[in-house]
Amino acid sequence: MARSTTYNPKANLLVCESLANRIKAEMEFLNLDSPLLKSEAVAFHSRSEMIRYITDSFVERWLQFDQPPVDHDISEQRVNLSCQIPASTTQRWAMAMGKGLANSRNDLVNLAIADYFCREDQTARAVELQAQQLESALSTPDNLAAIREVLPI
Amino acid sequence: MFTPLYEVDDLRYLLQAWVAKNLDSINGPGCAVPGLPGLEQSHSGLRAIPLRQRFDSKDVARAINELRRSPADLRCFTAALLNLVGQVPARDIARAFGLADASDAMRLIIIGRDRFMEELLSYG
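Residues numbered from 1 in each chain as written. Chains lettered and ligands numbered in written order. Predicted model: local features only at pLDDT ≥ 70, side-chain atom pairs only at ≥ 80, totals over all residues. Heavy atoms only, no water.

Asks: Give a detailed account of the overall build of chain B, specifying residues and quantitative values.
Replies: Summing up its helical and strand segments, chain B has six helices and two strands in all. For chain B, the succession of helices and strands along the chain, N to C, is α-β-β-α-α-α-α-α. Within chain B, the fraction of its 124 residues that count as buried is 48%. Within chain B, counting contacts between residues at least 6 apart in sequence, those at least 24 apart form 62% of the total. When the accessible surface of chain B is totalled, it reaches about 6000 Å², and 53% of it is carbon and sulfur. (Helix = DSSP H or I, 4+ residues; strand = E, 2+ residues; numbered from the N terminus. Buried < 20%, exposed > 50% of the residue type's maximum accessible area, 1.4 Å probe, protein only. Contact = heavy atoms within 4.5 Å. Areas by Shrake-Rupley, 256 points an atom, 1.4 Å probe, with all protein chains shown as cover.)

What follows is the structure, encoded as structure tokens:
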């Protein structure tokens, strides 16, 4: 994804406070200037890029694969997050809203962020389970079959 | 204790071959150079022998047996296996292991790789 540039129009998004806090924590977690992380194809370098990436993938999943958004309460108190959004992105988002994905851009962004963290949590739980199974398979001597079940080749 | 020098991809192929049971029959050691373990003579000079040709599944199992003595080593090796063979990105490992960020997970993965290689290479 291209780096954000200054000429993209700035938008003030209203995001649920709990989601905004998680975005902040996620930026710290992703530790974006870490040289170790760069080898892993991270798709965003700023909060604007992150929110755009999250909302874009959410919109595309819904438009192309008809994937429904997760059920999440987005009615709580919202805080202001500024974000640069290019015109082409705005059009794509408007198209999804026109087709009924969300009532407003703010709702769309809130649903997208909730959906992103729901997926991340699912991945974390799946990896956690895999790690527990693998560790217990490794602790038992001569247990190649169990290791292969956990790590399919 | 020594710091092993190895290629991460070489280790990845070894572990993948081990999990896929392709290491169960011993591969030919090639034309090893006396006094220089891990190297063989080729027409253009010395060449590193791939790990999966140097070691078989018994060697891998023996190295894991040594790691089993320390729960911390085993945890690091679990992270390394998930990353190398399971292709789980470091940041997902960080989330699952409750670490602060992907760099912490990467440190765990590197320790797991190095500890495994220390044990494996100590068999020659």
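Once you've had a look at it, read on.
Asks: Describe the interface of chain A and chain B, with residues and values.
Replies: Often the size quoted for an interface is simply the accessible area lost on bringing the parts together. At the junction of the two partners, chain A supplies 30 residues and chain B supplies 33 residues. Across the chain A/chain B interface, buried area totals approximately 2700 Å², and carbon plus sulfur atoms make up 66% of it. The interface formed by chain A and chain B includes three salt bridges. Here chain A and chain B share five residue pairs in polar contact (both at pLDDT 80 or more) between them. Looking at the side of chain A that touches chain B, the elements with two or more residues in it are α1 (17-30), α2 (35-38), α5 (105-139) and α6 (144-150) of chain A. (Buried area = accessible area lost by both parts, 1.4 Å probe. Salt bridge = Lys/Arg side-chain N within 4 Å of Asp/Glu carboxyl O. Polar contact = N/O pair within 3.5 Å; in protein donor to acceptor, adjacent residues only side chain to side chain.)

Asks: Before we move on, could you go through the packing of aromatic side chains and cite the residues and values that matter?
Replies: According to the stated counting rule, one finds two aromatic pairs over all chains in the structure shown. Judged by centre distance (5.1 Å) and plane angle (75 degrees), the ring pair of A:Y116 and A:F117 falls under edge-to-face. Overall, A:Y116 belongs to the buried group, its relative accessible area being 9%. With 4.9 Å between their ring centres and 15 degrees between their planes, B:F77 and B:F116 make a pair best called stacked. Of this pair, B:F77 sits in helix α4 (residues 71-84) while B:F116 sits in helix α6 (residues 102-121), and the two are 39 residues apart along the sequence. The pair formed by B:F77 and B:F116 is uniform in burial state, with each residue classed as buried. Directly above the ring of B:F97 sits B:R75, whose terminal nitrogen or CZ lies 4.2 Å from the centroid. (Phe/Tyr/Trp six-rings, centres within 6.5 Å; stacked < 30°, edge-to-face > 60°. Lys NZ or Arg CZ within 6 Å of the ring centre and 35° of its normal.)

Asks: Give me the lowdown on the pattern of salt bridges, citing residues and values where you can.
Replies: Tallied over the entire structure, the rule returns 15 salt bridges over all chains. A:R92 is the salt-bridge partner of A:E60, the closest N and O atoms lying 2.7 Å from each other. Here A:E60, found in helix α3 (residues 47-65), pairs with A:R92, found in helix α4 (residues 87-98); they are 32 residues apart in sequence, far enough to count as distant. Each of B:D73, B:R115, B:E118 and B:E119 takes part in one network of salt bridges that share partners.

Asks: Tell me about the nonpolar core, and please be specific about residues and values.
Replies: B:L14, B:L15, B:W18, B:L82 and B:F116 are the most contacted members of the largest nonpolar core, which totals 77 residues. Among the elements that make up this core, the one with the highest residue count is α5(A) (13 residues). Setting aside residues no more than four positions away along its own chain, B:F116 makes contact with B:L11, B:L14, B:L15, B:V60, B:A63, B:I64, B:L67 and B:F77. (Core = buried A, V, L, I, M, F, W, Y, C linked by side-chain atoms within 4.5 Å.)

Asks: Requested: an account of the state of the cysteines, with residues and values cited.
Replies: Residues and elements named next belong to chain A. Considering all chains together, one arrives at zero disulfides over all chains under this definition. For C118, which is in no disulfide, the shortest distance to another cysteine sulfur is to C16 and amounts to 15 Å. According to the relative accessible area criterion, C118 is partly exposed, its value standing at 26%. (Disulfide = S-S within 2.5 Å.)

Asks: Tell me about the confidence of the model for chain A, residues and numbers included.
Replies: Residue and element names in this part refer to chain A. Taken as a whole, chain A shows an average pLDDT of 82; of its residues, 86% reach a score of 70 or greater. For chain A, α2 is the element with the lowest average pLDDT, namely 41, and α5 is the one with the highest, namely 92. Between residues 33-41, whose pLDDT stays under 50, and residues either more than four places distant or in other chains, the model counts 13 contacts. (pLDDT = per-residue confidence, 0-100.)

Asks: Lay out the packing of α3(A) against α5(A) in plain terms, naming residues and giving numbers.
Replies: Residue and element names in this part refer to chain A. Where α3 contacts α5, the axes come no closer than 9 Å and their chain directions differ by 90 degrees. With respect to α5, the axis of α3 lies roughly perpendicular. Together, I51, I54, T55, F58, V59 and R61 of α3 and L108, V109, L111, A112, I113, D115, Y116 and R119 of α5 make up the contact between the two elements. Split by residue class, the contact of α3 with α5 holds 10 nonpolar, one polar and three charged. (Axes fitted to C-alpha atoms, helices over the stretch in contact; angles between N-to-C directions. Parallel < 35°, antiparallel > 145°, perpendicular 65-115°, else oblique. Nonpolar A, V, L, I, M, F, W, Y, C, P; charged D, E, K, R; others polar.)

Asks: Just give me the short version of helix α1 (residues 8-19) of chain B, but keep the residues and values in it.
Replies: With 12 residues, α1(B) extends 16 Å from end C-alpha to end C-alpha; this agrees with the ideal 16 Å at 1.5 Å per step. Within the span of α1(B), buried status applies to B:D10, B:L11, B:L14, B:L15, B:A17, B:W18 and B:V19. The elements touched by buried residues of α1(B) are α6 of chain A together with α2 (51-54), α3 (57-67), α4 and α6 of chain B. Directly after α1(B), the chain includes B:K21, whose backbone phi takes a positive value near 65 degrees. (Expected span 1.5 Å × (residues − 1).)

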